[in-house]
Structure formats: C-alpha cells, structure tokens
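Below, each chain spelled out in residue letters.
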Amino acid sequence: EIMKMHHAMELLESQGITALNQYFEKLISDSEKTKTKATKNLVADLHFRSANILVKNLMEEGIEHPKLARLLSIMEILEKGEKVIIFNNFRDNAMKIVEELNKLKNVNAKLFVGQAKKRGSGLSQKKQIEMLQEFREGKFNVIVMTSVGEEGLDIPKVDQVIFFEPVPSAIRHIQRKGRTGR
C-alpha cells in the first residue's frame, strides 16, 4: 500500500493531476479484479477515497501541473522547421502532452512508445521505423518519447531535446541529450 501511495505522490509531483487520476482509476479497476490485499485495502481506505474525490474536482477545474503550461509556452514560439524531442517517463502523461501540443497551431506532435500495448498505445517495430522516417522528413515536428527513445535511434537534425522531468540516472541523461547535436 505504501509503495502504491509513493508512486501516486511521484505522479502528482512530477506529472500532474491527469496522470494521478489515471493511476487512481487503474487502482480502482484493479481492486475489483485482483485478490491482492494491498490494492483492495488502499482503494477501500477513507483517505484514498477522499484524495480521489479531490483529484476529480481538480480535473473538472482544469488544474494541471504548472510545467505542462510552461512546456506549451515554450512550444508556442517554436520556429517553422524546428524539430523537437520531448522525453517523458510515463506513457499516460506522454499521451496527454501530445494531445495538448497538438492544440497549438505551429506544432504537429506524435507519440513514440515501445511495443507493449498499454491503454491502446504501443507501436510495432515497423511502425516505430516509419514514424522516425516521417519525423526525419519533417512530416511532423515534435516527437514525444518514453524511455524507448533513449538509445539506439538515429534521429539527425533535432533542434531541441526537452526533458519533462529530471532523469535519475546520469547514463540515461547522457543518452537523452545525445539525441541532438548530431
């Protein structure tokens, strides 16, 4: 239970209300199907239920993590022809970032994730290769990646790499930074 709440706190602090809401919904859904006491106890807890109500209210008010607004303001001044990679640790939040970026007039963003199918997302290796080729050709100008994009990809002529949250590993940090400056 503590580990699940620690993860919830991390989502709130680093990703925002939408990611936390999705995690809470997953916990509630899992509690109906699982025999795991930790999940069942957590979802039944009064404090959890109160937190879930608060999250729902914040969602209705349109409250989100302030760094999403900052990212959008940075991307609003993106110059024509500039290409950007944005790294995000959590797939659900990466989907939210793509959704919000595509509301901007100068941004055409796509989500680049691994092959695992989660919440309707997941790209085959063939689709990943196609997407990277389209990005190289300028068919879209922003690619939002999870950790799958850290290593082994050749993505030339990228103008900016943005980390949506700090990376806990120096090696991963270097790998992400290495996607530009080629």
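Given the structure is predicted, the values throughout are model-derived calculations rather than measurements.

### Here's the deal with the overall build of the protein
Link 1 in the chain: Broken down by element type, the protein carries eight helices and four strands.
Link 2 in the chain: Shown N-terminal to C-terminal, the secondary structure of the protein runs as helices and strands in the order α-α-α-α-α-β-α-β-α-β-β-α.
Link 3 in the chain: Per-residue burial for the protein yields a buried fraction of 41% across its 182 residues.
Link 4 in the chain: Excluding contacts between residues fewer than 6 apart, the proportion of contacts in the protein whose partners are at least 24 apart in sequence is 67%.
Link 5 in the chain: Carbon and sulfur atoms make up 55% of the accessible area of the protein, which amounts to about 10,500 Å² in all.

### Structural notes on the environment of Phe164
Link 1 in the chain: Position of Phe164 among the secondary structure elements: in the loop between strand S4 (160-163) and helix H8 (170-177).
Link 2 in the chain: Taking relative accessible area as the criterion, Phe164 reaches 6% and is therefore assigned buried.
Link 3 in the chain: Residue contacts for Phe164: discarding those within four places in its chain leaves Ser14, Gln15, Lys67, Leu68, Leu71, Phe87, Asn88, Asn93 and Ile97.

### Regarding the nonpolar core
Link 1 in the chain: Ranked by size, the top nonpolar core spans 33 residues in total, and within it Met75, Ile86, Leu101, Val142, Ile143, Val144 and Met145 carry the most contacts.
Link 2 in the chain: Counting residues in each nonpolar core, the second largest holds twelve residues, with Ile17, Tyr23, Leu27 and Val55 among its members.

### As for the sheet that holds strand S2 (residues 109-112)
Link 1 in the chain: In space, the four strands of this open sheet follow the order S2-S3-S1-S4, with parallel pairing throughout. Looking at strand neighbours, the two that pair on one side only are S2 and S4, the edges of this open sheet. Between one strand axis and the next, the sheet turns by 20° as a mean value, whatever way the strands run.
Link 2 in the chain: As paired strands, strand S1 (residues 84-87) and strand S3 (residues 142-145) are joined by four bridges and run parallel to one another. Each bridged residue has a counterpart across the sheet, and for Val84 the counterpart in S3 is Val142.
Link 3 in the chain: Where helix H6 (residues 91-101) meets the sheet, its contacts fall on S1, S2 and S3, and the angle it forms with S2 comes to roughly 170°.

### Regarding the packing of aromatic side chains
Link 1 in the chain: Per the stated rule, a full pass over the model turns up three aromatic pairs.
Link 2 in the chain: When the ring of Phe87 is compared with that of Phe163, the centres are 6.2 Å apart and the planes differ by 85°; the resulting orientation is edge-to-face. With Phe87 in strand S1 and Phe163 in strand S4, the pair connects residues that are 76 residues apart, well separated along the chain.
Link 3 in the chain: With relative accessibility at 0%, the residue Phe87 sits in the buried group.
Link 4 in the chain: For Phe163, a relative accessible area of 22% corresponds to the partly exposed category.
Link 5 in the chain: Arranged with centres 5.4 Å apart and planes meeting at 40°, the rings of Phe135 and Phe140 form a pair that is tilted. The pair Phe135 / Phe140 is uniform in exposure class, with both members buried.
Link 6 in the chain: Between the NZ or CZ atom of Lys83 and the centre of the ring of Phe135, over which it lies, the distance is 5.5 Å.

Cut-offs used in this document
Residues numbered from 1 in each chain as written. Predicted model: local features only at pLDDT ≥ 70, side-chain atom pairs only at ≥ 80, totals over all residues. Heavy atoms only, no water. Helix = DSSP H or I, 4+ residues; strand = E, 2+ residues; numbered from the N terminus. Buried < 20%, exposed > 50% of the residue type's maximum accessible area, 1.4 Å probe, protein only. Contact = heavy atoms within 4.5 Å. Areas by Shrake-Rupley, 256 points an atom, 1.4 Å probe, with all protein chains shown as cover. Core = buried A, V, L, I, M, F, W, Y, C linked by side-chain atoms within 4.5 Å. Pairing = 2+ DSSP bridges. Axes fitted to C-alpha atoms, helices over the stretch in contact; angles between N-to-C directions. Phe/Tyr/Trp six-rings, centres within 6.5 Å; stacked < 30°, edge-to-face > 60°. Lys NZ or Arg CZ within 6 Å of the ring centre and 35° of its normal.

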